[in-house]
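# Structural characterization, general
Read off the chains here:
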Amino acid sequence: MKKIFIIWSAIAMMGCKNNSEDIASTAIEKFSPAVEENSVIYEVNIRQYSPEGTFNAFTKDIPQLKELGVKIIWVMPIFPISQTKRKATGGDDSKFASEMPAAEQHKYLGSYYAVSDFTKVNPEFGTIEDFRNLVKTAHENGIYVILDWVPNHTGWDHVWIKNHPEYYTKNTKGEIIDPINPETGKSWGWTDVADLNYDNQNLRKAMTADMMYWIKDEAIDGFRCDVAGNVPLDFWQQAIPQLRKQKNIFMLAEAWEPALLKNNLFDMAYAWDGHHTLNKIAQGKEPVKQFDAYIEKINKDYEANDILMNFVDNHDENSWNGTIKSRLGEAEEAMTALTYLMPGMPLVYSGNEYGLAHSLKFFEKDSIPKTKGKQWELRAKLGKIKNEIDALHGGKNKATYKRIPATNENVLVFERMKNGKKVIYLANLSAKPVSVSLPLTGQFKDIMNEKMMDLKASQALSMLPWQYYILSK
């Protein structure tokens, strides 16, 4: 009997070992700063990516993401979602699923960010084995996988609520509360989640241990951390070095604070100011010189090796602030190209590559279009040049950026250069045709259409509204 027990114990240990080692052993190099230089990052919304809304439905499409230049996949939260206070609608008049008609309550799936267990997967998406296959497939295709992590709060039926109420922020009555906006002292309105209290050292240990599980046992390559700036900086100073000791990882902060990027904490932060600037220029609310002001500001606020994520869309923008088309209009293509050409790393949100033209439901099942067309071709071209041209490097050893003067205030022209390679972005960022002269002379190739352009410094160039060129010489 003892011999049988030993055999079964050995088999069980082999099975546990293979869970992580089989994924980790697939052909992918250790993550390094070199990857950050020319990467495109892809945010996948598993629920809405396909009619099935499963890991497996997305996994089969991973190989083709290489056509878009994708080297990092950011997977929106995959964890079970709390039933308690499950949201049905958002906004100021948000409602819980329990407040809706009984016959309809089943369709309200809740927010991905109301986590009930950080160490399990949402059965809505599939099994842990399905997720492991997703990671394995990505690694086989030379793509890293980071998980969307929610450190600021949990759902109301997370196991910690019951077993460790001391992990949570409480009011004067001793009641656990939802998160508070530190600037106003009032609730954010995120009533489907409970605020975590990082004054508790055991919470810090538990949170770090749960993050370590995904790195050590499930072979993921890092995290995108939700509202990272709302979590105390000294937690990140404690946790991230521990995680980096286990593995070379990539850390993305949903935040703008420069302090989060110092001392090898997060690798990349959000270019929120850049995103808002592009929106306002496209809408005619700000002139092109505001882009210059933005570049000046980031050069002042951030260190030379800091990385910002450039985007025209993400899950929050799409669901709450409108589609790319509704925000950018005819400027969509020029602004999308700009996010690849400016210093930093460009983001593709799932559906952008297929021309997603509607705001995805956040608490219910929805689906993105899946027909390749103009938007796929655009992002494939942009991804290719981002991957291949040193002058577009945007990481810790990024290419230089130099503004080129133009005779028309609506025209943005700048040069990126590295290792002797130069690329120029030239765009009319206005809804009117313009005539402009540039201090550029010679023959240039428009990379996007492989055509040659002959420019002379004294010669006026006519440009249509929102027309742009990506030039090399």
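Before reading on, note that the structure itself is shown above.
Attention here is on the structure that accompanies the text. A quick note: this is a predicted structure, and the numbers were derived from the prediction, not measured.

Turning next to the sheet that holds strand β10 (residues 345-349). Taking strand neighbours around the barrel as the criterion, the eight strands line up as β1-β2-β3-β6-β7-β8-β9-β10 in a closed arrangement whose pairing is parallel. Across the sheet, the axes of successive neighbouring strands diverge by a mean angle of 25°, strand direction being ignored. Bridge count for strand β3 (residues 144-149) against strand β6 (residues 222-225) is three bridges, and the pairing is parallel. Opposite Trp149, over in β6, you have Cys225 as the bridge partner.

What follows covers the sheet that holds strand β15 (residues 442-446). One open sheet holds the six strands; their spatial order is β11-β12-β13-β18-β15-β16, and the pairing between them is antiparallel. Because the sheet does not close on itself, it has two edges, and the strands there are β11 (400-403) and β16 (451-455). In this sheet, adjacent strand axes meet at a mean angle of 30° when their direction is disregarded. Note: strand β12 (residues 411-418) against strand β13 (residues 421-428), eight bridges, orientation antiparallel. Its bridge partner being in β13, Val413 is matched across the sheet by Leu426.

Our focus in this paragraph is the pattern of salt bridges. If the charged atoms of two oppositely charged side chains come close together, the side chains can form a pair. One pass over the full model with this rule turns up 28 salt bridges. Glu286 is the partner of Lys280 in a salt bridge, and the nearest nitrogen-oxygen pair spans 3.9 Å. Residue class for Lys280 comes out partly exposed when judged on its relative accessible area of 36%. In this structure Glu286 comes out as partly exposed when scored by relative accessible area, which is 22%. Here Arg327 and Asp313 are joined by a salt bridge, their closest N and O atoms 3.0 Å apart. Remark: Asp313 occurs in the loop between β9 (307-310) and α12 (315-321) and Arg327 occurs in helix α13 (residues 324-328); sequence separation between them is 14 residues. For the pair Arg327 and Asp313, a shared accessibility class is recorded, and that class is buried. What you see here is one network of salt bridges that share partners, running through Glu36, Arg244, Asp267 and Lys396.

Thresholds applied
Residues numbered from 1 in each chain as written. Predicted model: local features only at pLDDT ≥ 70, side-chain atom pairs only at ≥ 80, totals over all residues. Heavy atoms only, no water. Pairing = 2+ DSSP bridges. Helix = DSSP H or I, 4+ residues; strand = E, 2+ residues; numbered from the N terminus. Axes fitted to C-alpha atoms, helices over the stretch in contact; angles between N-to-C directions. Salt bridge = Lys/Arg side-chain N within 4 Å of Asp/Glu carboxyl O. Buried < 20%, exposed > 50% of the residue type's maximum accessible area, 1.4 Å probe, protein only.

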